[in-house]
Amino acid sequence: MSKLADYDGPILEIDKLSISFFTRLREIPAVMDFSVTVQPGEAVGLVGESGCGKSTVALGVMQDLGKNGRVVSGSIRFKGRDLAEMTAEELRDIRGNEIAMIYQEPMASLNPAMKIGKQLMEVPMIHEGVGQKEAYARALEVVTDVRLPDPERMLNSYPHQLSGGQQQRIVIAMALMSKPSLLILDEPTTALDVTVEAAVVDLVKDLGKKYGTSMLFISHNLGLVLETCDRLCVMYSGEAVERGSIHDVFDEMQHPYTQALFRSIPLPGADKNARPLVAIPGNFPLPHERPPGCNFGPRCDYFEAGRCDVDQVIPMRPVPGNDRHETRCLRFEEIDWNAPLTLAEQKEKSAPGKVVLKMDNLKKYYEVAANALFGGGEKKVVKANETLSFEARESETLAIVGESGCGKSTFAKVLMGLETATEGEILLDGRNIEQTPIEARDTRTISDVQMVFQNPFDTLNPSMTVGRQIMRALEIFQVGNSEAERRQKMLELLDLVKLPRAFANRMPRQLSGGQKQRVGIARAFAGGARIVVADEPVSALDVSVQAAVTDLLMEIQRKEKTTLLFISHDLSIVRYLSDRVMVMYLGHVVELGDTEQVFSPPYHPYTEALLSAVPIADTSVEKEHIVLEGDIPSAMDPPPGCPFQTRCRWKSEVPGNLCEREVPPQRQLGKGHQIKCHLDDATLARMTPVIKTAAE
Amino acid sequence: MGVFILRRVGVMLLTALCLTFVVFFMTNLYPNLEKLAKTQGNFRMSDEAVATWLERGGYLQSTPKKYLEWIGLAPSYRHVAEDGTVTGRCIQPGMTAEEAPRYCGILQGYWGYSTVFRDEVGNIIATRLGLTGYLMFWVMLIMVPSALILGVLAGMREGSAMDRSLSTVAITTTATPEYVSGVLFIAIFSSSAVGLKWFKGTATSAMENPNFENFTLPVLTIVLYGMGYIARMTRASMTEVMTAQYIRTARLKGVSFHNIVLKHALRNALIAPFTVIMLQFPWLLNGVVIVETLFNYKGFGWTLVQAAGNNDIELLLGVSVVSVLVVLITQLISDIGYVYLNPRIRIS
């Protein structure tokens, strides 16, 4: 089977597309009046928060909307042909052959019971009718193209035998098997670590160039879109609100939502005290509860009653002077887009107080049977935490940064008492708590050290009202003498996290993600916690909500003088809110210092790579391009010497193979800045900043 | 893999020992022994006579001792009568005490003597197990493929007309007990009430010469009952697999529906029903009691009923040993097969 005949026009034209899902209750419009055009070789980004309909557009292009979904109006043309008019047979020819898709969760999108080779070979065998041998040769070639080591072994493995990054490369390889003309990437890197994400994005860009593939890149991450795409389409609540080239949209945004989005993400210039993030007020409207007129109206700063809320469809209008730049705002000509941000009140930076928490040479080793399922075999030691030493002061934010497997969650578990330490000390107000499991801790200690979890969706009991859950926490922490007293305290806690008191009687399912996370925070602070471990508290939330939740945490911290241990992999947010940063890699603290010290040279080579990997949504920022090769080594089998030596680009600067032989010592660089590296002072001094802001 | 199987076999033997000991203990309770003495000797025996009888047979030793003797790990009990004649379990008629072996238990291949059938337990079990095995073979041969086909067809498009109708069939068959469906079949296909007379209503002749006519109805009765259950399991597993993301990947790769089901979904969907299918073996072995009785097919289940009904201790023990072994062996096979179906579980 061959490809469609060559076609000169745009690869993909979506014109006034509306897609609805039909439930027994009602029709739910998921996408309305959506248009986008993808030219040959062009990469178009589709940006928006969860539920805005961006994935629905992708599935609409694939004509795979499921039983309930239907294209209500508009058309999707691929190389000039209307996809809706194609027969099932023709669609099958196009899927995987002309249009290929890369998915969010690589593990779930690969067949667990089928070898990788077979899954890859299937594509050319279906579409081009080639034999086993040729298909295998092609698979081998593509797997080499996606820079996977040892391609033959890869083809002979099952998906679960590969790491997340490798799986995603396989999914990419699968999409590229038949050299499609359009590639749809649905949040392709959301499930991956930052450094792995950077490598995958790099790969996608290169391959796009090599094969001349057009791309539709769906993401919620503006920085990522800036790095990969030529053009951009911002979606809000089922509609495209702004469309144009990357530079037009990033630098001359013409829609209030786009502007609000940019103001709510932590860019390098933001600072929690001097220039705080501006959260978008209100909540994302549910598809069946959209307001009349402009969907963004109720949350918009420029809202004009009687004009923006008239029940009519607001059309996309071109922005004069720019190339194909359009916006869905009635007032865009009137708004002064260059008006400086009216700053929210500047806040006093609170000075860190006395030391409340001290870690000294903390070690946590796990013994793991080599063969978990059937027991036996020799035991292996996983060194999850290796000689952790630091202090945290009152009302200080200490960020712990690192990728999956670096031991940051293990550390949190030991601190919370869910695990006990193998060696070393944890001192809380001078008392040792490292060997006291949570069952043996007294109420004070438990209520002093609390945690805010990553996923607010799983950490609330679905069958208990919000108020009940907070009161339960109060009971456990022995706060209040009577039910009425606790009820009062619970309502105060709701005030503290800025939730309406009426929410006390709601069930968790009636709350949005951000609201749930607020309940989680209220619960953590119920016993007047003094140390709060926030484990990626906003990474599961939408961009516009993240800012609000982060601000809330900061505000409570200022009020309560809490010590916040902020675990995150997102360096932008870490730079924004933390006072000190601790970078971890494979259980080791590789760098520790003030935010300023860590984010400027000299860096630890890993910090440097991490900084370079984080996508920044600012066109004026220039980054040094550092891509880490390979995956993070397994903690079961760490490399000898320095843990980072397998991926370090500075390794050759250290004479005598020192990096491979010895774990570097903890070195003081002055003013509490410490680093675990063999590089000498001269080399460290040569390091240049990774992130440079071009002169305005 | 080898180590894994060895380990499992070890655990299996231990389980077998425990389970047989439980059965041994229950069957050797004093009331049972008393009944045995009376059926073997004389119903009007006095209590003293019963005690003497039991004493002579070695039944009054401690249970562990008796158990070890039965297993063949302890020398078996010998009774020296007043006149000097030696009797014992191991001394078969026509043997002298000197010729007879000291140990005679399961390990030596001596399973005891059935008081009902007046034959060696080993012989009885071998014949009866053979007969049931033959029945089981045909049942499995028909039941498993048809159940899987039914389940996969129903599960591949959840909620479709095909799913609804096949599910109805599966639920109906599994909700109809064998004594209902068996009686219905006999009435419809072999009695003069309907007059079809296609098959025979009894499978007695099938014990020597099984053929289509006399063997169809018992097989069909069991198949229908078991099939619905496996089909439901398969359907549930299949519908779950069909909504998995990798099925969407395959679909958007351009794989045809036919190949999605056969190449991508099937292997994943068979993982769950496989255990259920393996569980059907022990169920069939003892669960065929009704069908064997109904069709007068004197197999293993029928033997079990006879042994239990007549307080035939040795036979009962023999039957339970076989049952326990079948359960354990099929579970071992199920575990090994599971590893092959599901690559995520690998033993190394």
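In what follows, the structure referred to is the one given above.
Nothing here was measured: the structure is a model prediction, and the numbers come from that model.

Caption draft 1: Structural view of the nonpolar core. Residue and element names in this part refer to chain A. Counting 184 residues, the largest nonpolar core has Phe34 and Ile184 as the members making the most contacts within it. Counting residues per element, this core draws most heavily on helix H8 (residues 194–211), which supplies nine residues. When near neighbours in sequence (up to four residues on either side) are disregarded, Phe34 contacts Ile14, Asp15, Lys16, Leu17, Leu46, Val57, Cys233, Met235 and Ala240.

Caption draft 2: Examining the environment of Gln119(A) more closely. Mapping Gln119(A) onto the fold places it in helix H4 (residues 116–127). Measuring from C-alpha to C-alpha, the distance between Gln119(A) and Thr422(A) comes to 44 Å, with 303 residues separating the pair along the chain. Not counting residues up to four positions away in its chain, the partners in contact with Gln119(A) are Leu110(A), Asn111(A), Met114(A), Pro159(A), Met174(A) and Lys253(B).

Caption draft 3: Seen up close, the pattern of salt bridges. Residues and elements named next belong to chain A. Tallied over the entire structure, the rule returns 30 salt bridges over all chains. Here Glu555 and Lys498 are joined by a salt bridge, their closest N and O atoms 2.7 Å apart. Here Glu555 is found in helix H17 (residues 543–560), whereas its partner Lys498 is found in the loop between helix H15 (483–496) and helix H16 (513–524), with 57 residues between them in sequence. We note a salt bridge from Asp681 to Arg667, for which the minimum N-O separation is 2.7 Å. Taken together, the residues span a long stretch of sequence, with Asp681 in helix H22 (residues 681–686) and Arg667 in strand E24 (residues 666–668) at a distance of 14 residues. One network of salt bridges, with partners in common, ties together Arg468, Arg472, Glu475, Glu483 and Arg486.

Caption draft 4: Up close: the sheet that holds strand E6 (residues 99–102) of chain A. Residue and element names in this part refer to chain A. Taken together, the eight strands give an open sheet; going across it, the order is E6-E7-E8-E3-E9-E10-E12-E11, and neighbouring strands pair in mixed fashion. In the strand order of this sheet, the two ends are held by E6 and strand E11 (317–318), each with one partner. Across four bridges, the pairing between E6 and strand E7 (residues 182–186) is parallel. By the bridge assignment for E7, Met101 is matched with Ile184. Along the sheet, helix H1 (residues 54–61) makes contact with strand E3 (43–47), E6, E7, strand E8 (214–219) and strand E9 (231–236), crossing E7 at roughly 150°.

Caption draft 5: Structural view of the interface of chain B and chain A. Facing 24 residues of chain B, the contacting portion of chain A comprises 29 residues. With both sides pooled, the region where chain B packs onto chain A buries about 2,500 Å², and carbon together with sulfur makes up 57% of that total. For the pair chain B and chain A, the interface holds two salt bridges. With its nearest N and O atoms 2.7 Å apart, the salt bridge here joins Arg251(B) to Asp64(A).

Rules and cut-offs
- Position numbers for residues count from 1 along each chain, tracking the sequence in the order it is written.
- Here every chain gets a letter starting at A, and every ligand a number starting at 1, in the order they are written.
- Selection of residues for local features in this predicted model requires a pLDDT of at least 70, selection of side-chain atom pairs for listing and counting requires 80 or more, and totals for whole chains, interfaces and linings are taken over all residues.
- Side-chain numbers here rest on the full set of heavy atoms in the structure, without hydrogens or water.
- Buried residues of nine kinds, namely Ala, Val, Leu, Ile, Met, Phe, Trp, Tyr and Cys, make up a nonpolar core once their side-chain atoms join them within 4.5 Å.
- Remark: exposure states derive from per-residue accessible area (1.4 Å probe, protein chains only) relative to the maximum for the residue type, with buried under 20%, exposed over 50%, and partly exposed in between.
- Here a strand is any run of E in DSSP of at least two residues, a helix any run of H or I of at least four, and the numbering for each starts at the N terminus.
- Residues count as neighbours in contact if any of their non-hydrogen atoms are within 4.5 Å of one another.
- One speaks of a salt bridge when a side-chain nitrogen belonging to Lys or Arg is within 4 Å of a carboxyl oxygen belonging to Asp or Glu.
- For two strands to be treated as a pair, DSSP must find no fewer than two bridges joining them.
- All axes are obtained by fitting lines to C-alpha atoms, using only the stretch in contact for helices, and the reported angles, taken between N-to-C directions, cover 0 to 180 degrees.
- Defined here as a combined quantity, buried area equals the accessible surface (1.4 Å probe) lost by two parts on assembly, summed across both.

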